[in-house]
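Structural overview for review
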Amino acid sequence: MSEKVKWSELKGWKEIPIGGNLPAKTSLEYKTGSWRTFRPEFDPSLCTHCMICVHYCPDSAIPVIISEEGVKGFRDRVYKGPVRLETNFDYCKGCGICAEECPTKAIKMVRETWED
Amino acid sequence: MSMTKVKSTKKPLTGNEAIAEAMRQIRPDVLAAYPITPQSPIVHTFAKFVADGVVDTVMVTPESEHSAISVVTGAEAAGARAMSATASQGLALMVEVLPATSGLRLPVVMAIANRALSAPINIHCDHSDSMAVRDLGWIQIYSENAQEAYENMFLAVRLAEHPDVLLPAMVMLDGFIISHGVEVVEIYDDEVMHKFVGERKPKFSLLNYKEPWTMGPLELTDYYFETKRQEQEAMKNAKKLYIEIGKELSEITGKEYGYFEKYRLDDAEVGIVVLSSAAGTAKDAVDELRKEGKKVGLLKPKLFRPFPYEEIRDALKHLKVIGVLDRSYSFGGYAPLYSEIRNALYDLDKRIPTQSYIYGLGGRDIFKQEIKEVFNELLEGKISSEEKCIGLRE
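The notes below deal with the structure included here.

Thresholds applied
- Residues numbered from 1 in each chain as written.
- Chains lettered and ligands numbered in written order.
- Predicted model: local features only at pLDDT ≥ 70, side-chain atom pairs only at ≥ 80, totals over all residues.
- Helix = DSSP H or I, 4+ residues; strand = E, 2+ residues; numbered from the N terminus.
- Rg over C-alpha atoms; globule rule 2.2 N^0.38 Å.
- Buried ≥ 20, exposed ≤ 12 C-beta atoms within 10 Å, placed from the backbone.
- Contact = placed C-beta atoms within 7 Å.
- Pairing = 2+ DSSP bridges.
- Axes fitted to C-alpha atoms, helices over the stretch in contact; angles between N-to-C directions.
- Core = buried A, V, L, I, M, F, W, Y, C linked by C-beta atoms within 7 Å.
- Domains from an automatic or database assignment.
- Nonpolar A, V, L, I, M, F, W, Y, C, P; charged D, E, K, R; others polar.
- Expected span 1.5 Å × (residues − 1).

1. Structural notes on the overall build of chain B
What chain B contains, in helices and strands, is 13 helices and 16 strands. Taking 394 residues into account, the globule formula puts the C-alpha radius of gyration at 21 Å, and chain B, at 21 Å, falls close to it. Its C-alpha atoms give chain B principal-axis dimensions of roughly 70 × 55 × 40 Å. Burial status across chain B gives 51% buried among its 394 residues. A sequence separation of at least 24 residues applies to 80% of the contacts in chain B between residues at least 6 apart.

2. Section: the sheet that holds strand β13 (residues 303–305) of chain B
Residue and element names in this part refer to chain B. Taking strand neighbours across the sheet as the criterion, the seven strands line up as β3-β2-β4-β5-β7-β6-β13 in an open arrangement whose pairing is mixed. Edge strands, defined here as strands with exactly one partner in the open sheet, are β3 (58–60) and β13. Across the sheet, the mean angle from the axis of one strand to that of its neighbour is 20 degrees, orientation sign disregarded. Bridging between strand β4 (residues 82–86) and strand β5 (residues 109–114) involves four bridges; their strand directions are parallel. Residue pairing across strands places T86 opposite I112, the latter belonging to β5. Here helix α3 (residues 65–77) sits on the sheet in contact with β2 (30–32), β3 and β4, set at roughly 160 degrees to β4.

3. Points about the environment of T57 of chain B
Within the secondary structure, T57 of chain B sits in the loop between α2 (40–51) and β3. Considered as a pair, T57 of chain B and L31 of chain B are 26 residues apart in the sequence and their alpha carbons are 6.8 Å apart.

4. Things to note about the nonpolar core
Across soluble globular proteins, nonpolar side chains show a tendency to be buried alongside one another. If you look at the biggest cluster of nonpolar residues, it comprises 124 residues, and the most contacted ones within it are I19, M153, A156 and A169 of chain B. In this structure, this core is formed jointly by two domains, domain 1 (8–253) and domain 2 (260–389) of chain B, each of which donates at least three residues. With residues near it in sequence (within four places) discarded, A169 of chain B still touches V109, W138, I139, I141, A156, L159 and A160 of chain B. Within the second largest apolar cluster, 11 residues are counted, among which are C53, C57, I62 and C102 of chain A.

5. As for the sheet that holds strand β14 (residues 321–326) of chain B
Residues and elements named next belong to chain B. On the basis of which strands lie adjacent, the open sheet formed by six strands has the order β10-β12-β11-β14-β15-β16 and mixed pairing. Strand pairing shows two members of the sheet lacking a second neighbour, β10 (260–263) and β16 (388–389), which therefore form its edges. Taken together, the four bridges between β10 and strand β12 (residues 296–301) define a ladder with antiparallel strand orientation. Considered in β12, the bridge of Y263 is made with L298. Strands in contact with helix α10 (residues 278–291) are β10, β11 (270–274), β12 and β14; relative to β12, the strand with the most contacts, it is inclined by about 165 degrees. Running at roughly 135 degrees to β11, helix α13 (residues 368–379) makes contact with β11, β12, β14 and β15 (354–358) of the sheet.

6. Some remarks on the environment of Q140 of chain B
Residues and elements named next belong to chain B. Among the structural elements, Q140 can be located in strand β6 (residues 139–142). For Q140, a count of 23 C-beta atoms within 10 Å translates into the label buried. For the pair Q140 and K283, spaced 143 residues apart in sequence, the C-alpha separation works out to 23 Å. Q140 has contacts with S130, R134, M170, M172, F304 and R305, leaving out every residue within four places of it along the chain.

7. Describing the interface of chain B and chain A
Contacts between chain B and chain A engage 19 residues on the former and 13 residues on the latter. Elements with a minimum of two residues in the side of chain B that touches chain A: β9 (213–214) and α9 (224–253) of chain B. Considering each element in turn, the side of chain B that touches chain A owes the most residues, four residues, to α9 of chain B. A breakdown of the residues in the side of chain B that touches chain A according to their chemical character gives nine nonpolar, five polar and five charged. Where strand β1 (residues 22–23) of chain A lies against β9 of chain B, two bridges are found, and the strand directions are antiparallel.

8. A word on helix α1 (residues 15–26) of chain B
All names here are of chain B. Over its 12 residues, α1 extends 17 Å from the first C-alpha to the last, a length consistent with the 16 Å expected when each residue adds 1.5 Å. Of all 12 residues making up α1, 12 are buried, and the element is well covered by its neighbours. Taken as a whole, α1 has its buried residues at G15, N16, E17, A18, I19, A20, E21, A22, M23, R24, Q25 and I26. Immediately downstream of α1, the backbone of R27 shows phi near 55 degrees, a positive value.

Structure, rendered in structure tokens:
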């Protein structure tokens, strides 16, 4: 728990659902990006949009869209259909699995620098 | 003598069969259990109801008690009404899951045919199994006989599933003594009893895809404490509602469902407190001593979790001496029931001498004569700070 959290500002026991049970999708509100020590640096010019990084990402932090017009990637080819976008740094914990698995070395892990 | 207000049938049943009869009338959606003496006949009997199509319960026979309790916990999370039964080492194997069931606020109801814990291995009655799990957030109701065990199952379902409670519940009956002993049990009308429990209507369930719901998320230093505080509140609510729901059950059975039963206690000078089947023997001892003009009485707690401290204190406060009989040790501490009774008495201005007794471990019989001796000892004021044992060879 970050020191910035003030206990008194959190909800009391009478206000929260019982048993710690919650509505679905609350993890969207839980931004875990601040845990990051390393940051995946994505080079779109090397990406074949093979989706390996997307499937391996434990936090589903790599957004995918369906692109009709396509995006430019590896060897200047235009990749249409499902394409990955820049990592969502709200959720990326910097585990480095995407960089490890990327067959074209389009992702490089670099030291994260935080501005406080 | 019966004050039954609805149609009923008297049947010669073992305690286990009486529990199975209750389950038949409750008609749970799911029942999962693993065989263990002396519980097994509950599930044998119920399995026959399932096989004969008397109930449409989904019966699951997993590979262990750990899995059995996991199945019923999962079934409850899915929105079903689920039940189980176990004893002794089987309950011990469930221990990892028991606080998850209560922590997730899933109202599983489970029958426990009380049996001694290994080692040494022993299949007979004592309360060391259920007492070992008394702090895991389960409601605990102890039964003196098969009739009480049968009725307690209905109380347990209603109490556990009440929206202000939502905690799992255990109904205890003494292994072999009650689980296998045959007595005449009054079984009330099927439809009336089923209507009494009604259908389970969970506010949230994992199978309700229209309203997705997360169960069992991580809570660390920020919210865990608050969630546990809710559980304590649910127990307080359960204490209040036990009486209310008991009154509703009275409408059917004509009996009273108090936190405890008092037997010739109000004008007594010396009282003993004892749970479950031994209370039946103790009543005979009380009657015989009363004939000799000795002012003795009995208090038999039924609801053990939540524990009715204030009410028990008020019921005992006029006594000169109190003996508490426990059928289990709390190794290195005061015995479980004694500990609660002594605690309940603390708020009195006057200190009542109390004596702790251990009896009946591993199914050792306790005889009327022994209980009379306990009463006589207490009447003579023989109190010591040492825990005494009844029927133990030195």
